[in-house]
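Commentary on secondary and tertiary structure
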Amino acid sequence: MSAVIKTNTPFIIESVLVEALQAVGAEPVKVTENILQDQRHSGGLLVGDILTNRSDYYGLQHFRLINNRWVLRHDSSEMSGRVKSAKSAVSKGYSRVGAFLELVGQAYESAYQQYLGMLAEQERIRLEEERKARVEATRQQAIAKAKAQGYSVKETRNSKNQIQLVLTRTV
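Computed from a prediction, not measured in an experiment: that's the story for all the values here. (Residues numbered from 1 in each chain as written. Predicted model: local features only at pLDDT ≥ 70, side-chain atom pairs only at ≥ 80, totals over all residues. Heavy atoms only, no water.)

Under the definition given, this model contains 8 salt bridges. Ionic pairing is found between Lys30 and Glu14, a salt bridge with its closest N-O pair at 2.7 Å. Of this pair, Lys30 sits in strand 1 (residues 29–30) while Glu14 sits in helix 1 (residues 14–23), and the two are 16 residues apart along the sequence. Judged by relative accessible area, Lys30 falls into the partly exposed class, the value being 38%. Residue classification places Glu14 among the partly exposed positions, given a relative accessible area of 26%. The salt bridge involving Arg126 is made with Glu123; its shortest N-O contact spans 2.4 Å. Of the two residues, Arg126 and Glu123 are both situated in helix 3 (residues 97–148); the distance of 3 residues between them amounts to about one turn of the helix. Note on Arg126: relative accessible area 36%, which makes it partly exposed. Beyond isolated ion pairs, a larger network of salt bridges with shared partners links Glu123, Arg126 and Glu130. (Salt bridge = Lys/Arg side-chain N within 4 Å of Asp/Glu carboxyl O. Helix = DSSP H or I, 4+ residues; strand = E, 2+ residues; numbered from the N terminus. Buried < 20%, exposed > 50% of the residue type's maximum accessible area, 1.4 Å probe, protein only.)

Rendered as structure tokens:
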């Protein structure tokens, strides 16, 4: 049922693979218990597999997580290879598995770069929130200490949005 086809890009991150499959028009669907009951495949399907709209002699070609990598499972001879889009009744042209995986690899690289950008943005936001929390904790600590020493505290912000505490004490 399977053939060895080398790809330059290992498909490791499921969300990035799904995005890449959507980009190339493969209409990915993750197998759930409900889908498992409805679909038939000679090589067997498992919950968690990612179905594509490409089919061959055995049934729908799909990706399965094997050793922490998503691997395309397909008929090595590609007998009866076809693509049927759920979005239209017209069948798209079937491309050989090697060409399809090359296309998915390119789309995966692009989606992976976007994924890295999203992670970097999340990290930047997290660090900014930590910085704001430190500033607020320092401000609260300074106000508490000043009040404990008998000062009244007036808080202002300057033009650079910096906090300025003015402490006054009457005698």
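This next bit is on the pairing of strand 2 (residues 50–56). Both faces of the sheet carry side chains from a regular strand, because those side chains alternate between them. Of all the 7 residues making up strand 2, 7 are buried; the element is thus mostly covered by neighbouring parts of the structure. Here 2 bridges tie strand 1 to strand 2, and the two strands are oriented antiparallel to one another. Among the inter-strand pairings, Val29 is bridged to a residue of strand 2, identified as Leu51. Bridge count for strand 2 against strand 3 (residues 59–66) is 4 bridges, and the pairing is antiparallel. Paired with Ile50 across the bridge in strand 3 is Phe63. Two successive antiparallel strands, strand 2 and strand 3, enclose a turn made up of 2 residues. By the bridge criterion, 2 bridges tie strand 2 to strand 5 (residues 82–84) in an arrangement that is antiparallel. Opposite Arg54, over in strand 5, you have Val83 as the bridge partner. (Pairing = 2+ DSSP bridges.)

We now examine helix 3. Its 52 residues place the ends of helix 3 74 Å apart at the C-alpha level, agreeing with the 76 Å of an ideal helix rising 1.5 Å per residue. For helix 3, every residue scored as buried is listed here: Val97, Phe100, Leu101, Val104, Gly105, Ala107, Tyr108, Ala111, Arg139, Ile143 and Ala146. Looking at the packing, one finds that the buried side of helix 3 touches helix 1, strand 2, strand 3, strand 4 (69–73), strand 7 (152–157) and strand 8 (163–168). Of the residues trailing helix 3, Gly150 is marked for its positive phi of about 90 degrees. (Expected span 1.5 Å × (residues − 1). Contact = heavy atoms within 4.5 Å.)

With that settled, the discussion passes to a nonpolar patch on the surface. A contiguous nonpolar patch, built from Leu116, Met118 and Leu119 and spanning about 220 Å² of accessible area, is present on the exposed surface. Classification of Leu119 as partly exposed rests on a relative accessible area of 33%. (Patch = residues over 30% accessible without salt bridge, like charges linked within 9 Å, V, L, I, M, F, W, Y side chains within 5 Å. Areas by Shrake-Rupley, 256 points an atom, 1.4 Å probe, with all protein chains shown as cover.)

On to the packing of aromatic side chains. Scanning the model with the defined rule gives 4 aromatic pairs in all. Taken together, the ring pairs connect Phe11, Phe63, Tyr108, Tyr112 and Tyr115 into an aromatic cluster. Between the NZ or CZ atom of Arg54 and the centre of the ring of Phe100, over which it lies, the distance is 4.1 Å. The ring of Tyr151 is capped by Arg169, whose NZ or CZ atom sits 4.6 Å from the centre of that ring. (Phe/Tyr/Trp six-rings, centres within 6.5 Å; stacked < 30°, edge-to-face > 60°. Lys NZ or Arg CZ within 6 Å of the ring centre and 35° of its normal.)

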